[in-house]
Amino acid sequence: MTTFLRPPRAVVRRDAGNWSLQAALHRRGLGPVAGVDEAGRGACAGPLVIASCVLRPGDADRLDGLTDSKLMTAAARDRMFDLVKKRAVDYAVVVVPTAEVDRMGVHVANIEGMRRAVARLGTHPGYVLVDGFRVPGLTAPSVPVLKGDQAAACVAAASVLAKVTRDRIMEDLHDQLPQYRFDVHKGYCTGIHTAALEVHGPSHEHRWSFANVAAAGLTHGLRAPHRVALSVAAAAVVQNGGPPQ
């Protein structure tokens, strides 16, 4: 019978930096500590990308500036992306295609992607820190961390890996579908993206389980190019970090 240990009681202070929680776990013999985060949950086009990452204890100075990827400039993210890949003990990146997001629903796809990202680590973690919410079925004990991409360095590293990977995918999609300007908004629901949807209708890379995409498809007399689960069809857009509405 496998017994999952409870995480130690550790106060994470803002002035203590984002390495304190995983350091506390390591001190109690619960390492290696993996962080898990996603990019693209709130987008209505493009894949969902999930990453897991195990950092070296005491590597804070070499990864100076590591924080939530959304708070970093594109140049800083690219630099940190290369540095994390070089310095990390281990990492894994999972890309969930648009069709799979529609088939499963974005929240279920996200949970499943996090399981895959942890399972693909060659270094089995002693503990997993997940940004925001509980993920059942992981191969190691875990704990959700509120604003984990700011509170825990390993989660921040995962957020950088996921976001840079996804941004590059969306820039490649822009070359195929320039009319949507994926290079600018990366598939999120901005004014530019909404206007493009109204003019051109959805593409095969849009998520037909999102209400705005389904409505644009209906206006243009288009049907989803892949199966959309009835339970999530035309669901409201899920904002990053928030629950389905």
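All of these numbers come straight from a predicted model, not from anything done at the bench.

Draft legend 1. Seen up close, the overall build of the protein chain. If you tally the helices and strands in the protein chain, you get nine helices and five strands. Starting at the N terminus and ending at the C terminus, the protein chain contains elements arranged as α-β-β-α-β-α-α-β-β-α-α-α-α-α. Looking at the protein chain residue by residue over its 245 residues, the buried ones come to 50%. Taking as baseline every contact in the protein chain between residues at least 6 positions apart, the subset at least 24 positions apart corresponds to 62%. If you sum the accessible surface of the protein chain, you get close to 11700 Å²; carbon and sulfur atoms cover 53% of it.

Draft legend 2. Seen up close, the side chain of serine 159. Within the secondary structure, serine 159 sits in helix 6 (residues 153–176). At a separation of 3.2 Å, a polar atom in the side chain of serine 159 contacts the main-chain amide nitrogen of serine 69. Polar contacts involving the side chain of serine 159 include one to the main-chain carbonyl oxygen of alanine 156, which spans 2.7 Å. In contact with serine 159, not counting residues within four places along its chain, are Asp37, Thr67, Asp68, Ser69 and Asp149.

Draft legend 3. Main features of the sheet that holds strand 4 (residues 127–131). Here we have five strands laid out as an open sheet, ordered 3-2-1-4-5, and mixed in their pairing. Across the chains shown, the open sheet's two edge strands, defined by having one partner strand only, are strand 3 (90–96) and strand 5 (142–145). Between one strand and the next, the sheet's axes are offset by a mean angle of 20°, whatever the strand orientation. Both strand 1 (residues 33–39) and strand 2 (residues 48–54) contribute to a ladder of six bridges, which runs antiparallel. The residue of strand 2 that forms the bridge with valine 36 is serine 52. Strands strand 1, strand 2, strand 3 and strand 4 of the sheet are contacted by helix 4 (residues 106–119), whose axis makes an angle of about 30° with strand 2.

Draft legend 4. Broad picture of the nonpolar core. With 32 residues, the main nonpolar core has Cys53, Leu55, Leu66, Val84 and Leu129 as its most contacted residues. When residues of this core are traced back to their parent elements, those giving at least two are helix 1 (20–27), strand 1, strand 2, helix 2 (74–87), strand 4 and helix 6. Here this core takes 10 residues from helix 6, the largest share from any one element. When neighbours within four sequence positions are excluded, leucine 55 is seen to be in contact with Trp19, Gln22, Val33, Leu63, Leu66, Ala88, Val89, Ala153, Cys154 and Ala157. Within the second largest apolar cluster, 29 residues are counted, among which are Ala34, Cys44, Val106 and Ala109.

What counts as what
Residues numbered from 1 in each chain as written. Predicted model: local features only at pLDDT ≥ 70, side-chain atom pairs only at ≥ 80, totals over all residues. Heavy atoms only, no water. Helix = DSSP H or I, 4+ residues; strand = E, 2+ residues; numbered from the N terminus. Buried < 20%, exposed > 50% of the residue type's maximum accessible area, 1.4 Å probe, protein only. Contact = heavy atoms within 4.5 Å. Areas by Shrake-Rupley, 256 points an atom, 1.4 Å probe, with all protein chains shown as cover. Polar contact = N/O pair within 3.5 Å; in protein donor to acceptor, adjacent residues only side chain to side chain. Pairing = 2+ DSSP bridges. Axes fitted to C-alpha atoms, helices over the stretch in contact; angles between N-to-C directions. Core = buried A, V, L, I, M, F, W, Y, C linked by side-chain atoms within 4.5 Å.

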